[in-house]
Structures are given as C-alpha cells and as structure tokens.
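Architecture and fold: a report
So you can see what is in the structure, the chains are spelled out below.
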Amino acid sequence: MKVYTQNDKVKIKLKVNGEEQEVEVEPRRLLVHVLRDLGYTGVHVGCDTSNCGACTVILNGKSVKSCTLLAVEADGSEILTIEGMAKDGKLHPIQEAFWEKHGLQCGYCTPGMILQAYWFLKHNQNPTEQEIREGISGNLCRCTGYQNIVEAIKLAAEKIRQNPQEYLRLA
Ligand code: FES
Ligand code: FES
C-alpha cells in the first residue's frame, strides 16, 4: 500500500456533468475546492462544519456535501453539479419552479438547494409539505424563510409527475 505524505499529489479522475476530468490533488484537498477549481463555481462554501449544504452535489446518484469529502475519496465517481442541470439552455423543471415561485434571493444556497431537491424528488414525487421540509433540512437559507422554496419543490414535483422524462433531462 502506498503511503502518501502531506505534499504528495494524487492523480484522480472525476466525471462531472458528463465531462471527464483528471486532476492532481493533495490527499487532504476537499472535493468542494477541487470542483470549484475545475470551474464548477456554482458549488458554494457556506460553513466549515458540514451544516449548511451550500456545497451539495450529486455523487454516484446520492446527494452529498462536497465539503465533507476528500477529493481522493471521490476518485472514479460521477458528479452532477448545478451547471449540469439545464440542457441546451433549457432549464431543468426544478430550476424553472424555483424561478416561478421565487424560491431564491441572494442565490447562494440555491445550487445546493436545487440539487438536494433533485435527489429528494427522485425518491418522492408526491411529497407532503412536511416531507419537503425534512428533505431539505440539511440545506440552510438565510434569505427566503423557506416557504417559497417549499412551494417551488411542490411545483417541481407536479411538473415531474406530469412529465417524468423532463426530470431525467440533464445536460
Ligand atoms: S459548505 Fe456548509 S455543509 Fe458544505
Ligand atoms: S437565497 Fe440567499 S441563502 Fe438562500
């Protein structure tokens, strides 16, 4: 087994929004920083204690907080960030719903919130308000008071129920 020291760099591969990426990283480097350095700057950092969820991405189908994962741990994985949701300039239905229901103000929590909603709606296409609130409880927002985010996710669920193919449509 190779033992890495602090200054060693490790070559890792990631597939981000369908694009192959190869980078050299220090073993201690957090995934969130690597993604941002690669240009996916919609992935945000809102805290240093894993509470806020602004860094949420979908990794191999699961919603994860990318600030609490080392980039080397993500080696070989497929990642979806907010930049991968619209296709050919057409917004994903969840993005549309946030726009239509005014589910954002400063927009800092929004990429993470939308990706969490994406993961949540995969498992529950007909959620109650309570289920939505629990589903996004790992994602903090300073601006909206959450109500319009809940309305946006309800609307997104409706859009997806009417047209399930649209949910799957990603860049
Ligand atoms: S930056 Fe706050 S949970 Fe990741
Ligand atoms: S819209 Fe500003 S933190 Fe959520």
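This text follows the structure it describes.
The structure contained in this document is the topic of the report that follows.

**What about the overall build of the protein?**
Scanning the protein from terminus to terminus reveals 6 helices and 5 strands. In the protein, the succession of helices and strands from N to C terminus is β-β-α-β-β-β-α-α-α-α-α. In terms of overall dimensions, the protein is globule-like: its C-alpha atoms have a radius of gyration of 16 Å, near the 16 Å expected for 171 residues. For the protein, the spread of C-alpha atoms along the principal axes amounts to about 50 × 30 × 25 Å. Burial statistics for the protein: of 171 residues in total, 44% are counted as buried. Within the protein, residue pairs in contact and separated by at least 24 positions form 58% of the contacts whose partners lie at least 6 positions apart. On the protein, the mean spot of the 20 positive side-chain charges and the mean spot of the 21 negative ones are 1 Å from each other.

**Examining the pattern of salt bridges**
This structure, assessed with the given rule, holds 9 salt bridges. Its salt-bridge partner being lysine 11, residue glutamate 22 comes within 4.0 Å of it at the nearest N-O pair. Here glutamate 22, found in strand E2 (residues 19-25), pairs with lysine 11, found in strand E1 (residues 10-16); they are 11 residues apart in sequence, far enough to count as distant. Here glutamate 96 ties to lysine 159 by a salt bridge, and the two come within 2.9 Å at their closest N and O atoms.

**A look at helix H5 (residues 147-162)**
Residues three or four positions apart in an α-helix share a direction because the helix packs 3.6 residues into each turn. When the terminal C-alpha atoms of H5 are compared, their 23 Å separation across 16 residues agrees well with the 22 Å that a helix rising 1.5 Å per residue should span. Residues of H5 that are buried include every one of Ile149, Val150, Ala152, Ile153, Leu155, Ala156, Ala157, Lys159 and Ile160, and no others.

**As for helix H3 (residues 110-123)**
Helix length check: H3 (14 residues) gives 20 Å between terminal C-alpha atoms against 20 Å at 1.5 Å per residue, within 8%. Burial analysis of H3 places 11 of its 14 residues in the buried class, which makes it a mostly covered element. Within H3 the residues assigned to the buried category are Thr110, Pro111, Gly112, Met113, Ile114, Leu115, Gln116, Ala117, Tyr118, Phe120 and Leu121.

**Notes on the nonpolar core**
In a soluble, globular protein the nonpolar side chains are often hidden away together inside. Counting 27 residues, the largest nonpolar core has Ile94, Phe98, Leu121 and Ile153 as the members making the most contacts within it. Counting only elements with at least two residues in this core, the list comes to helix H2 (93-100), H3 and H5. Of all the elements, H5 adds the most residues to this core, at 8 residues. A domain-level breakdown of this core finds at least three residues from each of domain 1 (10-82) and domain 2 (93-167). Apart from the residues lying within four places of it in its own chain, the contact partners of phenylalanine 98 are Gly103, Leu104, Thr110, Met113, Ile114, Ile149, Ala152 and Ile153. Core analysis: the second largest hydrophobic core is formed by 21 residues, Leu14, Val32, Leu35 and Ile79 among them.

**Things to note about the sheet that holds E2**
The mixed open sheet is built from 5 strands, whose spatial order is E2-E1-E5-E3-E4. Every other strand in the sheet has two partners, leaving E2 and strand E4 (62-65) as the edge strands with one partner each. Strand-to-strand twist in this sheet, taken as the mean axis angle between neighbours without regard to direction, amounts to 40°. Of the pairings in the sheet, the one linking E1 to E2 comprises 7 bridges and is antiparallel in character. Looking at the pairing, valine 10 lines up with valine 25 of E2. The strands touched by H3 within the sheet are strand E3 (56-59), E4 and strand E5 (78-80), with E3 carrying the most contacts at an inclination of about 40°.

**Quick look at the packing of H3 against H5**
Where H3 contacts H5, the axes come no closer than 11 Å and their chain directions differ by 45°. Regarding the angle of H3 to H5, the classification is oblique. In this structure, H3 crosses over H5, and the sense of that crossing is right-handed. Here Met113, Ala117, Phe120 and Leu121 of H3 come into contact with H5, specifically with Ile149, Ile153, Ala156, Ala157 and Ile160.

Cut-offs and rules
Going along each chain's sequence as written, the residues are numbered from 1 onward. By the order in which they are written, chains take letters starting at A while ligands take numbers starting at 1. Residues qualify for local features only when their pLDDT is at least 70, as the model is predicted, and side-chain atom pairs are given and counted only at 80 or more; totals for whole chains, interfaces and linings, by contrast, use all residues. Remark: hydrogens and water are excluded; side-chain values derive from all non-hydrogen atoms of the structure. Only DSSP runs of H or I with at least four residues qualify as helices, and only runs of E with at least two residues qualify as strands; both kinds are numbered from the N terminus onward. Just to be clear, the radius of gyration here is over C-alpha atoms, and the globule rule we use is 2.2 Å times residues to the power 0.38. Per-residue accessibility, obtained with a 1.4 Å probe over protein chains only, is compared with the maximum for each type, and a residue is labelled buried under 20%, exposed over 50%, and partly exposed between these values. Contact criterion: two residues are considered in contact whenever any of their non-hydrogen atoms come within 4.5 Å of each other. For the purpose of counting charges, residues Lys and Arg are taken to be positive, whereas Asp and Glu are taken to be negative. His and the chain ends are not included. For the purpose of locating charges, the reference atoms are NZ of Lys, CZ of Arg, CG of Asp and CD of Glu. By salt bridge we mean one thing: a side-chain nitrogen of Lys or Arg within 4 Å of a carboxyl oxygen of Asp or Glu. Expected helix span is taken as 1.5 Å per residue step, with the number of steps being one fewer than the number of residues. Nonpolar cores are built from buried Ala, Val, Leu, Ile, Met, Phe, Trp, Tyr and Cys residues. Side-chain atoms within 4.5 Å join them into one set. Each domain's extent was defined by an automatic or database domain assignment. Being paired, for any two strands, means DSSP has found at least two bridges between them. Axes here mean lines fitted to C-alpha atoms, for a helix over just the part in contact, with angles spanning 0 to 180 degrees between N-to-C directions. By definition in this entry, angles of less than 35 degrees are roughly parallel, angles greater than 145 are roughly antiparallel, angles of 65 to 115 are roughly perpendicular, and the rest are oblique. Left-handed describes a crossing whose near helix is turned anticlockwise from the far helix through less than a right angle; right-handed describes the clockwise counterpart.

Taken by themselves, the reported measurements are silent on function.
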